[in-house]
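Per-entry structural report
Listed below are the residues making up each chain.
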Amino acid sequence: MRNHLWFMVCLWVGCVFLFAKDAHGQSLSEWLIYFQNEKDYSLFMEKYKDRVKDEEEQWVAKALFTREEIDEIQKLPIVAKVEPNYQKSLASSIFNDPLFSQQWGINKIDIWSVAPKFHQRNILIGKQIVTTQGAMTYEGQPLHTLSFSISSEEGMKLSRLSVTIDHVESLWTLKVMDQNGNVVSQNNGNLSTLDVLLPKNHTYKVLQIHIQANGWKEPPVITNVTAVDHVLVAVIDTGAAIHKDFCGNVLHSLGGDYVHPGRLALDDHGHGTHVTGIIAACANNHEGIVGTAGFAPVDVVPFKVLDREGTGSDFEIAKAVNDAVSIGADVINLSLAGKGKTLVLEQAVQNALRHHVVIVAAAGNWGISLQEVYPASYPGVIAVAAVDENNQIIPYSDYGWELDISAPGENILSTYMNNEYRVLNGTSMAAPFVSGVAALLKAMDPRLDDIQIRKRLFESAKDIREKGYDTHSGYGVVQAAKAIHLPYSEAVDWLTIQNGQPVSFSKQQLLGISKGLIGKDVYVFIDDQFVEKRNADDHWISFILPDIPSARNEQKLTVISADHNGEVVAFDERWMNSTSSASASFTDVPSSFWAYEEIQTAYRERWINGFTDHTFRPNALLTRRHAVMMMNRLFQWRPKQIQSPFLDTPLTLAGAVPIYTAYGQRIVKGYDDGHFYPERFVTRAQMAVMLARALKLSETSFSGTPYPFKDIDGPGHFAYYAVQQLADKGIITKQPYFRPNEFLTRAQFAAMLARTYRYMSNRK
């Protein structure tokens, strides 16, 4: 396995060489040497023939040299070019599962590239086992005993222990006790493998294992003992069949049948087996397919709530959700949907979410609004739409503001009953892709809770329709690698408001906060105006947002969580639509106005709002406060501090946070007396300096040809270099006079923002 990973690393770097050693022990690599003509080629061969391993008719030689040698060789006048002889491999995968090539969905969500980051291992291997016959090191050998203990000086952090026996005559019991003889967990059944879940976040130095097989003619032999620290996914569906492509990561002995109480959660429909396989089909077992998390430390427990016809009631689903929470599930997959909302299921979902369980649900396959489809529409549930191989939303996939994300859902190959494999379609198939990625995130970083995971999923999704969120694809198609590579951070996320969603200001809205924010302060702003401050004492906070008059029918909703020193630790910003209508044009900016197009661009890009009387007041002078607010909307700076650096910018001042942010970005400095003077007007020279700082342009030098503005007296003017930089970029128009001491109008600044935006877009 270690050699295999090394090969993959080399392949990704793209420069795998064939390594050898020269007479002095230095590494030799294969190089391609190119020549202009036959003469040069012949001269080279005379000197280096013993190093040449092959040759090509077009005067190309393959040769072995050290790095130092090749540096000298490429300087030779007879050598035209030198290149490494890059190695290639089969364009297949790290998986040996024969049907993997038919799993287009795995590649679509970029599972292939993250697989080497994960591994499964039996923590007991190499540990000390003590039986009545004596002590031994466990290496997977059979154990001819019904009781033994496991010890580890460094301790074992475990989530699950499983024991497999050679035969079953009747019910048997697996009991696990700690070093003091206290029962930690136990299970009984008539499967050859029994599993027990152990309390999370607990380290064991000694565990005692006991098997009870009362009345058996022949005592069982223990053929395998496995202990792991895995993420746990509950699949609440039609159950799961015993399948050759399920390894020990599908825990049948811990599941439950709510259709036929007392039975195992065995599938008599096929749907649940298919869903389970998408998550957990074993990787690299030379069988069938690869599960989205089948290569990772992830366990799946099946719960059967749907009958052989694929139907079941909210009561049974709610019981399974509650039981999944009670056994410590990290993720719950609900590939089921239907109309109708019940209190019993809503409370079960809320209970799971309050235990920080990630709940993923299929959007449904009726091609209708999600508004009345549950459980996908319960707040906090991640609702999943389905896409085809071309990233097109499947026509029958439900849609609406309750939708969150998309995943592959057409022609999905997975496990089925009777050790078969089948292709199925629908949002039921899409949901487990998301559940699998959520489990990978948890496995990669156990600190992540449900709010952090959902935020990562949304921020890393691949946009496939209009820019940003939309009601048919949500935030886009789930992407495993991007989600995993995002840096760790605390998170706040609205559970009832999507970006761009119409919001009723009389309705209660829910904000989810991650565990690390408990006890910290949460601030809410609408259009940069302070609304409310709360101390986060719960995982969820409810708000009724005030209806603040706005010049447009969409408003920016900002949430900031900060510690008691004012340092920002979490941030969320999205746009919401109000029920009132606002004009997209200004009554005082006719199409003949000189900056009409620039003002329209600034409005469309949300840098300017105008006034509630539908005016823009283009010739009014620009205040320092409004200048910073507009720049903040263009550059989208993230705040770092919620406490004011100035004496005259309290949090209640509209635009206070953008001012704090601009100060943190070193765009504005304020005055020596500790004031910002937000209502003072901005001169053209001051604005040039602020824009230069925002664009990270030099204020002390300029390498281009200076434009001879008649009223900027050379480098002695504080804004000279900033003005020259902006003029060079086309942000300031080149006219005889710059008029540095004139106050800037709102129209002039809108025009400068539009030119800045164009410059930034061209630079990208």
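Our subject is the structure listed above.
Starting afresh in each chain, residues are numbered from 1 along the sequence in its written order. The model is predicted, so local features are restricted to residues of pLDDT at least 70 and side-chain atom pairs to those at 80 or more, both for listing and for counting; the totals for chains, interfaces and linings are taken over all residues. Note: side-chain values were computed over all heavy atoms of the structure, leaving out hydrogens and water.

Observations regarding the environment of Gly105
Going along the chain from the N terminus, every DSSP run of H or I of four or more residues is numbered as a helix, and every run of E of two or more is numbered as a strand. As for its position among the elements, Gly105 is in helix H4 (residues 104-108). For the pair Gly105 and Ile451, spaced 346 residues apart in sequence, the C-alpha separation works out to 25 Å. Gly105 has contacts with Pro408 and Phe433, leaving out every residue within four places of it along the chain. Should any heavy atoms of two residues lie within 4.5 Å, those residues are considered in contact.

Notes on helix H11 (residues 596-604)
Each full turn of the α-helix corresponds to 3.6 residues, which orients residues three or four apart in the same direction. Along H11, the residues classified as buried are Ile599, Gln600, Thr601, Ala602 and Tyr603. Along its buried surface, H11 packs onto helix H16 (746-763). Taken from the residues just after H11, Arg606 is the one with a positive phi, measuring 70°. For each residue, the accessible area found with a 1.4 Å probe, counting protein chains only, is set against the maximum for its type, and the residue is called buried under 20%, exposed over 50%, and partly exposed in between.

With respect to empty space enclosed by the protein
Every definition here rests on a 1 Å grid over the protein atoms only: cavities are sets of points where a 1.4 Å probe fits but cannot get out, pockets are open sets enclosed by protein on both sides within 12 Å along at least five of seven lines, and lining residues have some atom within 4 Å of a point. Grid points are joined across faces, edges and corners, and a volume is the space filled by probe spheres set on the points. Enumeration according to the criterion identifies 4 cavities of 30 Å³ or more in this entry. Put simply, the largest cavity is a space of about 90 Å³. The wall of the largest cavity is formed by 13 residues, among which Asp528, Glu573, Asn632, Val657 and Pro658 lie closest to the centre. Counting residues per element, the ones that place at least two in the lining of the largest cavity are strand S32 (554-562), strand S33 (568-577) and helix H13 (656-664).

Considerations on the layout of surface pockets
Each pocket or cavity is described by its volume, and for the largest pocket that value is around 1700 Å³. Together, 43 residues line the largest pocket, and Lys467, Asn499, Glu573, Trp575 and Gln636 are the ones closest to its centre. Mapped onto the lining of the largest pocket, the elements with two or more residues apiece are helix H9 (450-460), S33, helix H12 (624-635) and H16. Note that Gly is not counted as nonpolar here; it falls among the polar residues with everything else outside the nonpolar set of Ala, Val, Leu, Ile, Met, Phe, Trp, Tyr, Cys and Pro and the charged set of Asp, Glu, Lys and Arg. Its residues assigned to classes, the lining of the largest pocket comprises 16 nonpolar, 9 polar and 18 charged. Taken as a whole, the second largest pocket encloses approximately 750 Å³ of empty space. If you go around the second largest pocket, you meet 28 residues; those closest to its centre are Asp229, His230, Val231, Asp330 and Pro446. Considering every element that reaches the lining of the second largest pocket, the biggest residue donor is helix H8 (residues 427-444), with 3 residues. Classifying every residue of the lining of the second largest pocket gives 12 nonpolar, 8 polar and 8 charged.

Description of the environment of Glu420
Its place among the elements puts Glu420 in strand S25 (residues 420-424). The sequence separation of Glu420 and Leu43 amounts to 377 residues, and the corresponding C-alpha distance is 65 Å.

Some remarks on the side chain of Thr427
Within the secondary structure layout, Thr427 lies in helix H8. Overall, Thr427 belongs to the buried group, its relative accessible area being 1%. Setting aside residues no more than four positions away along its own chain, Thr427 makes contact with Ala362, Ala363, Gly364, Asn365, Val384, Ala385, Ala386 and Ser397.

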